[in-house]
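Survey of secondary and tertiary structure
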Amino acid sequence: MATIELTGEVFDQTVQDNDIVLVDFWAEWCGPCKQFGPVFERVSEKYPDLVFGKVDTEAQQQLASAANIRSIPTLMVFKKGYLVFNEAGALPPKALESLVEQVVDLDIDKAVAEQAAAKDV
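Let me sum up the structure you'll find in this document. On a predicted model such as this, the values are computed, not experimentally measured, just so you know.

Remark on secondary structure: sheet strands pair via backbone hydrogen bonds, oriented parallel or antiparallel. Read across the sheet, 5 strands follow the order β1-β3-β2-β4-β5 without closing on themselves; strand pairing throughout is mixed. Every other strand in the sheet has two partners, leaving β1 (4-5) and β5 (82-88) as the edge strands with one partner each. Bridge count for strand β4 (residues 74-79) against β5 is 6 bridges, and the pairing is antiparallel. Its bridge partner lying in β5, lysine 79 is registered against tyrosine 82. In the packing of helix α4 (residues 93-105) onto the sheet, contacts are made with β2 (20-26), β3 (51-56), β4 and β5, and the angle to β4 comes to roughly 20 degrees.

With that settled, consider the state of the cysteines. Under the counting rule described, the total for this entry stands at 1 disulfide. Across the disulfide, cysteine 30 is cross-linked to cysteine 33 (sulfur-sulfur distance 2.4 Å). Across the disulfide from cysteine 30 to cysteine 33, rotation about the S-S bond amounts to roughly 80 degrees, and the bridge is consequently right-handed. On the accessibility criterion, cysteine 30 (3% relative accessible area) is buried. Take cysteine 33: its relative accessible area is 5%, and that puts it in the buried class.

Rules used throughout
- Residues numbered from 1 in each chain as written.
- Predicted model: local features only at pLDDT ≥ 70, side-chain atom pairs only at ≥ 80, totals over all residues.
- Heavy atoms only, no water.
- Pairing = 2+ DSSP bridges.
- Helix = DSSP H or I, 4+ residues; strand = E, 2+ residues; numbered from the N terminus.
- Contact = heavy atoms within 4.5 Å.
- Axes fitted to C-alpha atoms, helices over the stretch in contact; angles between N-to-C directions.
- Disulfide = S-S within 2.5 Å.
- Buried < 20%, exposed > 50% of the residue type's maximum accessible area, 1.4 Å probe, protein only.

Written out as structure tokens, the structure reads:
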């Protein structure tokens, strides 16, 4: 699947309805965003079963604010509705692919249970 545009109207539903969602927060005027955009697009084509979404921070200022975006590009990754990665900066292709593989392999149910247990201690 190629990348899709995410707006405030569909963001939460997209994150909740899909197992893994990667989100690139970007802007047209941002040089690093322009470098990262094609990388994000190419990697999305290698993982057609995952959702790769893009948020134009200029057009979606409320969404960017709600997501606490302070620097772009920012990449967020969600698994089963949980935020598992949130980092500003453009990743090179191999690093992005490695991240995708780590998220695919992540046992989110186990991670959530371990986090809950740690809070109870």
